[in-house]
Amino acid sequence: KAYVDADYGSGSGIPLGSEVLAINREAMAAVVERLKAGISSDALNQSHKVFMLNRLFYQYYYYFSAEAARFDLVIKNANTGAEEQVQVNARPYNQVRSAAQGRFPQSSRLALALDGDLAVLTVPTFVVAENPDYRAFFEDAFRRMNAGGVKGLIIDIRGNGGGVRLARAPETIR
């Protein structure tokens, strides 16, 4: 399923939260499957593809669909529950990209959050070059967790897009 969660200047008046049922006469389920087929991921990992579509739907739709001046949508109106046909004028790709990047800033920074005996370790990338203090960060994080008596650890890799076979994170943090 897909829902309207922002308007990047189209002025369509579609209520936020409305479900998109079809785009240009293509059922939304078919659109999603078509776009997912063009997103690479590790093995059979579908969650990465969904994550990428949640953040970059506009980009993948642009890549894998014909450019259009407008879109014919079928929506289920969030306010009324009624199925409606709506025409939305296309916006320039760069305008949409700028607005979307503001909503979903990407960070490659490692982070540790401690909450009592629980820790959340955020690892958005295993690329050492993007975190020059990689080894020092992990050494400090595990020292702080041990000193704090942490009993539970959540490793958050939601922003990690997968990897290549040449990347060897375990060797980096031995």
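What comes next concerns the included structure.

## With respect to the packing of helix H2 (residues 47-64) against helix H3 (residues 93-103)
In the contact formed by H2 and H3, the axes pass within 10 Å of each other and the chain directions differ by 155°. Comparing their axes, H3 and H2 come out roughly antiparallel. Two secondary-structure elements touch here, H2 through Tyr58, Gln59, Tyr62 and Tyr63 and H3 through Tyr93, Val96, Arg97 and Ala100. Considered class by class, the residues forming the contact of H2 with H3 number six nonpolar, one polar and one charged.

## Considerations on the layout of surface pockets
If you add up the space inside the largest pocket, you get close to 1,200 Å³. Contributing elements (two or more residues each) for the lining of the largest pocket: strand E1 (2-3), strand E2 (19-23), helix H1 (28-36), H2, strand E4 (70-76), strand E5 (83-89) and H3. With nine residues, H2 is the largest single contributor of residues to the lining of the largest pocket. Of the residues contributing to the lining of the largest pocket, the split by class is 28 nonpolar, five polar and eight charged.

## Things to note about the sheet that holds strand E8 (residues 152-156)
In space, the three strands of this open sheet follow the order E6-E7-E8, with mixed pairing throughout. Sheet topology places strand E6 (111-115) and E8 at the edges, where each strand pairs with a single neighbour. Across the sheet, the axes of successive neighbouring strands diverge by a mean angle of 15°, strand direction being ignored. In this sheet, E8 lies alongside strand E7 (residues 118-122) in parallel orientation, the contact comprising five bridges.

Cut-offs and rules
- Residues numbered from 1 in each chain as written.
- Predicted model: local features only at pLDDT ≥ 70, side-chain atom pairs only at ≥ 80, totals over all residues.
- Heavy atoms only, no water.
- Axes fitted to C-alpha atoms, helices over the stretch in contact; angles between N-to-C directions.
- Helix = DSSP H or I, 4+ residues; strand = E, 2+ residues; numbered from the N terminus.
- Parallel < 35°, antiparallel > 145°, perpendicular 65-115°, else oblique.
- Contact = heavy atoms within 4.5 Å.
- Nonpolar A, V, L, I, M, F, W, Y, C, P; charged D, E, K, R; others polar.
- 1 Å grid on protein atoms, 1.4 Å probe; cavity = no way out; pocket = protein on both sides within 12 Å on 5 of 7 lines; lining within 4 Å.
- Points joined across faces, edges and corners; volume = space filled by probe spheres on them.
- Pairing = 2+ DSSP bridges.

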